[in-house]
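Okay, here's what each chain looks like letter by letter:
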Amino acid sequence: MKKIALHWQILIGLVLGVVYGLMFGSTVNYISWMGDLFIQALKMIIVPLIITSIVSGVANIGSGGNFGRLFTKTFSYYVITSTFAILAGLLFVNLIKPGVGADINLVQSVDGFAAKSQSFQDTLMGIIPSNIFEAMVNGKMLSIIFYTMLFGYFITRIESKHKDLLTNIFNSGFDVMMKITLFIIKFTPIGVFALSAKLMATQDNPLGTFQSLGLYMVTVVLALAFHGVIVLPIILRFVAKVSPLKHFKALSGPLLTAFSTSSSNATLPYTIEAVEENSGVSNKITSFTLPLGATINMDGTALYEGIAVMFIAQAYGIHLDILQQLIIVVTALLASIGAAAVPMAGLVMMTIILSAVGLPLEGIALILPVDRILDMCRTTVNVWSDSTAAVTIAKSEGETLKV
Ligand code: ASP
């Protein structure tokens, strides 16, 4: 019998999970442990994967003396596409105006949000860790990335005997991590089944909230679709000169995983595997661009932040002029860079933008009921954007790809 491809298995898991959650919600505790274990397994591999991947990536790039150039190129690409995403979001929210006349009685409690949010200063200061082990234990990705890039870069600056030894060790470590990843990936359909069942079972009155926030959701989804289906494919077609459709097919597994886990970090192992194996990008490029992208390149989140803030302003009847919308562009970009690649991180970062334009933090309560669902959509766009960056940069470095 022909084996069903993984992305179909994941899709089947997702659909069965939704049906199970809606029909047998009260028994969801019997199966939710499978989703929890799956997420734990993904979290287990993420820090060692990022460390081995970035050190080996940077050491391999750095040997050719290309690190600075590649870093600048990658970073610029991330900033440009995220800005495009925010502009698309602002365009749609200004056209559709989903918040005008919205029912603000839906308000839930937002206790704890202000406490959870960080200032930009904290985020920036945190990039250089005072204790790298503490950063690793707490999964502080920006610090880990900064340190591992430094480590990888300076490997290339030592005596070649030691350089080769360390490069080999990290290359081998990365290979092992990818093998573990492939092993865990096999369990995705089961994990996705349990996660989506739990999500459905724990939404109180999903249809009711969807109705009152329907237009807001439509705006977010339309803008995400515009960015993911039009803007990024245009870059793939005309800048990278590859087939967007082929690349999309190559990425179907990671995209479905992003959708069901709502975490770019948890999806990172899949993204690396698919961009290398299916799209044909070299390990040298993926091992550097993708972990960096998962952490700082969040087009979907950036777009979402812009729409959400405008929606809240509209709901409160507050007019934001062009200058204030410009502040939204800049702060949404920074918030998306600073947001952790985990579920609902984007919502926490919104406090920063709301304060920047002087809106009440309670506004977050308005969008809270549907955030989890929209998180699934924006995370999918985040991962899609990371993968398009890897492809575009690989092509610009003269690589021959499979897409
Ligand atoms: N969940 C998103 C991600 O992991 C971040 C966010 O909440 O927007 O990419």
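Here the structure is a predicted model, which is why all the values come from computation and not from measurement.

(A) View of the overall build of the chain. Within the chain, the secondary structure is distributed over 19 helices and zero strands. What you see for the chain is a C-alpha radius of gyration of 21 Å, in line with the 22 Å of a compact globule of 403 residues. The C-alpha extent of the chain, read off along each of the three principal axes, is 65 × 55 × 45 Å. The burial tally for the chain puts 54% of its 403 residues in the buried class.

(B) The pattern of salt bridges, seen in detail. Applying the stated criterion to the full structure yields six salt bridges. In this structure, the salt-bridge partner of E397 is K73, at a minimum N-O distance of 2.5 Å. Pair noted here: E397 is in the segment after α19 (364–396) and K73 is in helix α3 (residues 67–96), with a separation of 324 residues, a long-range link. K73 gets classed as partly exposed once you look at its relative accessible area, which sits at 26%.

(C) Geometry of helix α2 (residues 29–63). Helix length check: α2 (35 residues) gives 52 Å between terminal C-alpha atoms against 51 Å at 1.5 Å per residue, within 8%. Of all bends in α2, the biggest is about 30°, found at I46, and the proline P48 comes one to four residues later. At the C-terminal side of α2, G65 shows a positive phi close to 70°.

(D) Region of interest: the site of the ligand. S264, T301, G346, D375 and R378 are the nearest of the 16 residues found near the ligand. Within the backbone of V342, an N or O atom sits 3.1 Å from a nitrogen atom of the ligand. A distance of 3.1 Å separates a nitrogen atom of the ligand from a polar atom in the side chain of T379. Out of a free accessible area of 270 Å², the ligand has 100% covered by protein chains. Looking at the shell around the ligand element by element, the count peaks at four residues for α19. Taken together, the residues of the shell around the ligand sort by class into seven nonpolar, seven polar and two charged.

(E) Just the side chain of S264, in detail. Within the element layout of this structure, S264 appears in helix α14 (residues 264–277). By relative accessible area, S264 is classed as buried at 4%. Contacts of S264, omitting those with residues within four sequence positions, involve A294, A341, T379, N382 and V383.

(F) Seen up close, the packing of α3 against helix α17 (residues 322–338). The interhelical angle for the contact between α3 and α17, taken along N-to-C directions, is 135°, at an axis separation of 10 Å. Between α3 and α17, the interaxial angle falls into the category oblique. α17 is crossed by α3, and the crossing has right-handed handedness. Here V79, S82, T83, I86, L87, L90 and N94 of α3 lie close against α17, whose contacting residues are Q325, I328, V329, A332 and L333. In terms of residue class, the contact of α3 with α17 is built from eight nonpolar, four polar and no charged.

(G) Looking closely at the nonpolar core. Core analysis: the largest hydrophobic core is formed by 116 residues, its most contacted members being Y216, F288, Y304, V309, I328, M350 and I367. In terms of residue count, α19 provides more of this core than any other element does, 17 residues in total. Those residues in contact with Y304 that sit more than four places away from it in its chain are Y216, V220, L347, M350, I367, D371, L374 and R378. If you look at the next biggest cluster of nonpolar residues, it comprises five residues, including V28, I31, F193 and A197.

(H) Local environment of helix α18 (residues 345–356). When you tally the buried positions in α18, you get 10 out of 12 residues, the bulk of the element. Every buried residue of α18 is accounted for by A345, G346, L347, V348, M349, M350, T351, I352, I353 and L354.

(I) How the structure looks around the environment of G89. Checked against the element boundaries, G89 lands in helix α3. On the basis of relative accessibility, which here comes to 0%, the residue G89 falls in the buried class. In sequence terms G89 and N138 are 49 residues apart; their C-alpha atoms lie 32 Å from each other. Look past the residues within four positions of G89 in its chain and what remains in contact with it is A223, L303 and I307.

(J) Structural view of unusual backbone geometry. In the Ramachandran plot, K97 falls in the positive-phi region, its phi being about 50° despite a non-glycine side chain. Take K97: its relative accessible area is 44%, and that puts it in the partly exposed class.

(K) Quick look at the packing of aromatic side chains. Counted by the stated rule, this structure contains 15 aromatic pairs. Ring centres of Y20 and F193 lie 5.7 Å apart, and the angle between their planes is 75°; on these two criteria the pair is classed as edge-to-face. Separated by 173 residues along the polypeptide, Y20 in helix α1 (residues 6–23) and F193 in helix α9 (residues 188–202) bring together distant segments of the chain. Take Y20 and F193: they sit in the same class, and that class is buried. By the ring-pair criterion, three or more aromatic residues cluster together here, those being F67, F71, F75, Y153, F154 and F288. The cationic tip of R378 hangs over the ring face of Y304; the distance from NZ or CZ to the ring centre is 4.1 Å.

Rules and cut-offs
Residues numbered from 1 in each chain as written. Predicted model: local features only at pLDDT ≥ 70, side-chain atom pairs only at ≥ 80, totals over all residues. Heavy atoms only, no water. Helix = DSSP H or I, 4+ residues; strand = E, 2+ residues; numbered from the N terminus. Rg over C-alpha atoms; globule rule 2.2 N^0.38 Å. Buried < 20%, exposed > 50% of the residue type's maximum accessible area, 1.4 Å probe, protein only. Salt bridge = Lys/Arg side-chain N within 4 Å of Asp/Glu carboxyl O. Expected span 1.5 Å × (residues − 1). Bend = angle between axes of the 7 residues up to and from the residue. Near = heavy atom within 4 Å. Polar contact = N/O pair within 3.5 Å; in protein donor to acceptor, adjacent residues only side chain to side chain. Areas by Shrake-Rupley, 256 points an atom, 1.4 Å probe, with all protein chains shown as cover. Nonpolar A, V, L, I, M, F, W, Y, C, P; charged D, E, K, R; others polar. Contact = heavy atoms within 4.5 Å. Axes fitted to C-alpha atoms, helices over the stretch in contact; angles between N-to-C directions. Parallel < 35°, antiparallel > 145°, perpendicular 65-115°, else oblique. Left-handed = near helix turned anticlockwise from the far one by under 90°. Core = buried A, V, L, I, M, F, W, Y, C linked by side-chain atoms within 4.5 Å. Phe/Tyr/Trp six-rings, centres within 6.5 Å; stacked < 30°, edge-to-face > 60°. Lys NZ or Arg CZ within 6 Å of the ring centre and 35° of its normal.

Function cannot be inferred from these measures alone, as they are strictly geometric.
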